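Observations on the three-dimensional arrangement
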Amino acid sequence: LKMYWFWLYIPLRLLVVTCLCHCIKAPTTSSQQSFKTDLFNFYHSLILADGKETTIHLLKDIPKRYYFALEEGRVLAPFSITVTPCDVPIEWSILVYKPPPGKATPSDHDTQEVSKSQKASSMVSTIFNYRGNSVETYMGMPSHSALYLLEFLSTERDTHITVYLTTDTTSGHLYPELPMDPRIDVLGIGHTTVTLAWKHSPSVLQHRESIQYCLLVNEKHNYKSLCAAETAIRSSGMKLPPTLALSLSPYLLEPQQVMILSNSELSIINKVSSGEVRQVCMGTKNTYTVPNLSPSTQYYFDVFIVNLLTNASAAYTGTFARTLEEPEPKVTELKDGKVIHVVLDGKKQKFYSLQYQARHKKIHFTFQLCRGQIRVHITRNGKTVASENLSGLRYFSLKGKLLDTYLVQLRSTEESNSSVKVQAAPHFHKPLFPLLPESLKIKSFSKLRTCRSVTIAWLGTQEESKYCVYRKRIEEDQIWRELQSADRCSGPESRHKSEKVLCKYFYDLNLQRAVTTETIKGLEAGTLYLFDVYLFGPSGIPVRYHSKVVKTRKKC
């Protein structure tokens, strides 16, 4: 049966027989059957390309075999095989077929005496085996022509590897060379930065234009090869371009990726479930300060030297570092009745802390949101008593004990800057802000609009207060900017005098009737106007109603 399959196997396998005819002295008829039996696995293998990196996909627990032959012209010439696992550890080995030592033609008596296992061991032997996920290179120096078999096996899960065979080790290297000391040095550690340095690769000195360094930063672990890093990022649910060196193009970016170009350095930040994975290519510079890290966080750093022409890479020995703990935020003391204006940096996302020691049992906190979005967190003696996102004007009335310590923490919830006014005072203290109506919205009446006037209305309170109305002519493309950038804490002093329409006093003890209207005349037809109403309380600090945009009729 084996003879039948041997002669009927695909014509490509006949090349092996031709090679063996040139490479190995032909055995006698008595040893031919053993020869074919020993080579059965070789015929059921694939040819491994010489001088080319081959990607091999492995299924769990299913071995995959490749072979190559060294011909007469390659005798005594060294060869090398480099295997790069791209995920889990694998097992791989190299077997070589060669005729038995001594006489190549055994006698009939010898053939009868030698068992099949002894024949196999004399014909095929294992010269190298390895298990792990490191990049491993085998250098061979054959003493005669031979046929080699490479066997690969993954016992954990489906995976893929790359294999590079070359029988010409003198003409150059596919992979960039690493220095004698391939370690990465950590030069400095800050709260949000880590400075790294590494020794130059000899390849940079020889091929500066086609070689560059690429840095990978993540919070999980180090990677022993570039393809292992790419595989890990893909497994996080992200599609990643084939190789880091060729992925730095804007049109290849996925929605979870952010590209940053700064000082000739191209960075890609991948948002994955296990944290950010940053990829930075910095040309041939061998020092780099990684910015914008999180305090008190351990990061892993890997440097790859990449050949842009061949897309091959080599990995330095990775390192790790933990950023310094964030210093305790400065705490500002709140004093009874005093107003503090706090501006928060949205990019840094840091808490701003205010402390207040109670001299009375009942305490009144007031927050007026001026710009942006802010979250407030209040604790009393270390226990949370309030936590929410601020909107407009917000009061917190809290009851505790004398000398209780309150800590107020404020944080911007958006990337742009936010600001807020804060006051803490005893419950009986004179209120800083005026009594507010149920709603701070301004209403306009569409049916009462004309080409020259509009009518607006707003709610009042049971307390007599002063209301001032302002108008401003705007264009269509200014609406969003005017509404978003408005400082809700600023008063009429920031407005131009020509924008003032009127000021009036009113109140009503019946809240259902505490509403007033005003018709604004002298407007232009078909024009957009921004209307604002300011409410002044006893302290004189204004509260701004929500701006209203109204367009006059074009034709009347």
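Every residue gets a number counted from 1 within its own chain, in the order that chain's sequence is written. Under the rules for a predicted model, residues below a pLDDT of 70 receive no local features and side-chain atom pairs below 80 are neither given nor counted, while totals for whole chains, interfaces and linings still include all residues. To obtain the side-chain values, all non-hydrogen atoms of the structure were included, while hydrogens and water were left out.

1. Describing the state of the cysteines
Cysteine sulfur atoms are paired as a disulfide whenever they fall within 2.5 Å. By the definition in use, this model includes five disulfides. Put simply, cysteine 468 and cysteine 503 are joined by a disulfide, and their sulfur atoms are 2.0 Å apart. Taking the torsion about the S-S bond as the criterion, the cysteine 468 to cysteine 503 disulfide, at about 110 degrees, is right-handed. Placement of cysteine 468 in strand E31 (residues 465-474) and of cysteine 503 in strand E32 (residues 500-506) is noted, with a sequence separation of 35 residues between them. Throughout this description, buried means an accessible area under 20% of the type-specific maximum (1.4 Å probe, protein chains only), exposed means over 50%, and partly exposed covers the range between. Take cysteine 468: its relative accessible area is 3%, and that puts it in the buried class. For the purposes of this entry, the term helix denotes a DSSP run of H or I that reaches at least four residues, the term strand denotes a run of E that reaches at least two, and both are numbered from the N terminus.

2. As for the pattern of salt bridges
Where charged atoms from two side chains of opposite charge come close, those side chains can pair. Salt bridge, as used here: a side-chain nitrogen of Lys or Arg that lies within 4 Å of a carboxyl oxygen of Asp or Glu. A complete count under the given rule lists 13 salt bridges for this structure. Here arginine 65 and glutamate 151 are joined by a salt bridge, their closest N and O atoms 2.7 Å apart. Here glutamate 151 lies in strand E8 (residues 146-153) and arginine 65 lies in strand E3 (residues 64-70), a separation of 86 residues in the sequence. A relative accessible area of 24% means that arginine 65 is categorised as partly exposed. Its relative accessible area of 26% is what places glutamate 151 among the partly exposed residues. Residue lysine 551 pairs with glutamate 476 through a salt bridge whose shortest N-O separation is 3.9 Å. One end of the pair, lysine 551, is in strand E36 (residues 548-551); the other, glutamate 476, is in the loop between E31 and helix H9 (479-485), with 75 residues separating them in the sequence. Members of the salt-bridge network, linked through shared partners, are Arg495, Glu499, Asp532 and Arg544.

3. Some points on the environment of tyrosine 470
By secondary structure assignment, the location of tyrosine 470 is in strand E31. With relative accessibility at 7%, the residue tyrosine 470 sits in the buried group.

4. Brief notes about the nonpolar core
Across soluble globular proteins, you tend to see nonpolar side chains buried next to one another. We define a nonpolar core as any set of buried Ala, Val, Leu, Ile, Met, Phe, Trp, Tyr and Cys residues linked to one another through side-chain atoms lying within 4.5 Å. Counting 24 residues, the largest nonpolar core has Phe365, Phe367, Ile378 and Leu410 as its most contacted members. Elements with a minimum of two residues in this core: strand E21 (339-344), strand E22 (352-357), strand E23 (362-371), strand E24 (374-380), strand E26 (393-399), strand E27 (405-412) and strand E28 (418-426). With four residues, E23 is the largest single contributor of residues to this core.

5. Considering helix H8 (residues 226-235)
By the criterion of burial, H8 is predominantly enclosed, with eight of the 10 residues buried. For H8, the complete set of buried residues consists of Leu226, Cys227, Ala228, Ala229, Glu230, Thr231, Ala232 and Ile233.

6. Quick word on the sheet that holds E24
Pairing between strands is defined by DSSP: at least two bridges between them are needed. If you walk across this open sheet you meet the five strands as E20-E22-E27-E24-E25, and the pairing is mixed. One side of each edge strand has no neighbouring strand; the edge strands of this open sheet are strand E20 (331-333) and strand E25 (383-389). Pairwise comparison of adjacent strand axes, ignoring direction, gives a mean angle of 20 degrees for this sheet. Pairing of E24 with E27 involves seven bridges; the strand directions are antiparallel. When the bridges of E27 are listed, histidine 377 appears paired with glutamine 409. A fitted line through C-alpha atoms serves as each axis, taken over the contacting stretch for helices, and the angle formed by two N-to-C directions is quoted from 0 to 180°.

7. Considering the packing of aromatic side chains
Note on aromatic pairs: the rings of Phe, Tyr and Trp (six-membered ring only in Trp) are paired at centre separations within 6.5 Å, and the planes decide the class, stacked below 30 degrees, edge-to-face beyond 60, tilted for the rest. Enumeration according to the criterion identifies 18 aromatic pairs in this entry. Ring centres of phenylalanine 79 and tyrosine 138 lie 6.1 Å apart, and the angle between their planes is 50 degrees; on these two criteria the pair is classed as tilted. Placement of phenylalanine 79 in strand E4 (residues 79-85) and of tyrosine 138 in strand E7 (residues 136-140) is noted, with a sequence separation of 59 residues between them. The buried category is assigned to tyrosine 138, whose relative accessible area is 17%. Among the aromatic side chains, those forming a connected cluster through ring pairs are Phe68, Phe79, Trp92, Phe128, Tyr138, Tyr148 and Phe152. Consider the ring centre and the ring normal. A charge sits over the ring if Lys NZ or Arg CZ is within 6 Å of that centre and within 35 degrees of that normal. It is arginine 394 that lies over the ring of phenylalanine 396; its NZ or CZ is 4.3 Å from the centre.

8. Section: the pairing of strand E17 (residues 298-307)
For E17, the buried fraction is high: nine of the 10 residues fall into the buried class. Relative to strand E19 (residues 319-322), E17 is paired through four bridges, and the arrangement is antiparallel. When the bridges of E19 are listed, tyrosine 299 appears paired with alanine 321. Sheet topology places E17 next to strand E18 (residues 313-315); three bridges connect them, and they run antiparallel. Bridge pairing links isoleucine 305 to alanine 314 in E18. The hairpin formed by E17 and E18 contains five residues between the paired strands, and asparagine 311 there has a positive phi angle of roughly 70 degrees.

9. Description of the confidence of the model for the chain
Parts of the prediction with low pLDDT should not have their coordinates interpreted in detail. Residues of the chain with pLDDT of at least 70 account for 78%, and the chain-wide mean is 79. Here residues 103-121 is a poorly scored stretch, pLDDT under 50, and it has 16 contacts once near neighbours within four places are set aside; other chains count. A score from 0 to 100, pLDDT tells how confident the predictor is in each residue. In what follows, a contact means two residues having at least one pair of non-hydrogen atoms within 4.5 Å. Scored below 50 in pLDDT, residues 239-264 makes 58 contacts in the model with residues more than four places away or belonging to other chains.

10. Some remarks on unusual backbone geometry
The phi angle at serine 296 is positive, at roughly 50 degrees, despite the residue not being glycine. Tracing the backbone shows serine 296 in the loop between strand E16 (287-290) and E17. Its relative accessible area of 27% is what places serine 296 among the partly exposed residues. The phi dihedral of leucine 403 falls on the positive side, at around 70 degrees, and the residue is not glycine. Tracing the backbone through its elements, the reader meets leucine 403 in the loop between E26 and E27. With relative accessibility at 57%, the residue leucine 403 sits in the exposed group.

11. A closer look at the side chain of arginine 278
In this structure, arginine 278 sits in strand E15 (residues 275-281). Using a relative accessible area of 10% as the deciding quantity, one classes arginine 278 as buried. In this structure the side chain of arginine 278 is engaged in a polar contact, spanning 2.5 Å, whose partner is the backbone oxygen of proline 291. The definition of a polar contact used here is a pair of N or O atoms within 3.5 Å, where within protein one atom must be able to donate a hydrogen and the other to accept one, and adjacent residues in sequence count solely through side-chain atom pairs.

12. Focus on the pairing of strand E34 (residues 528-536)
In terms of burial, E34 is largely enclosed, as nine of its nine residues are buried. Across the two faces of E34 the burial is the same, with Leu528, Leu530, Asp532, Tyr534 and Phe536 and Tyr529, Phe531, Val533 and Leu535 all buried. Sheet analysis places E31 next to E34, joined by nine bridges and oriented antiparallel. Its bridge partner lying in E34, tyrosine 467 is registered against leucine 535. Where E34 and E36 come together, four bridges link them in antiparallel fashion. Across the sheet, residue leucine 530 finds its bridge partner in E36, namely valine 549. Pairing between E34 and strand E35 (residues 542-544): three bridges, direction antiparallel. Within E35, the position partnered with phenylalanine 536 by the bridge is proline 542. Hairpin connection of E34 to E35: five residues between the antiparallel strands, including glycine 540 at a positive phi of 90 degrees.

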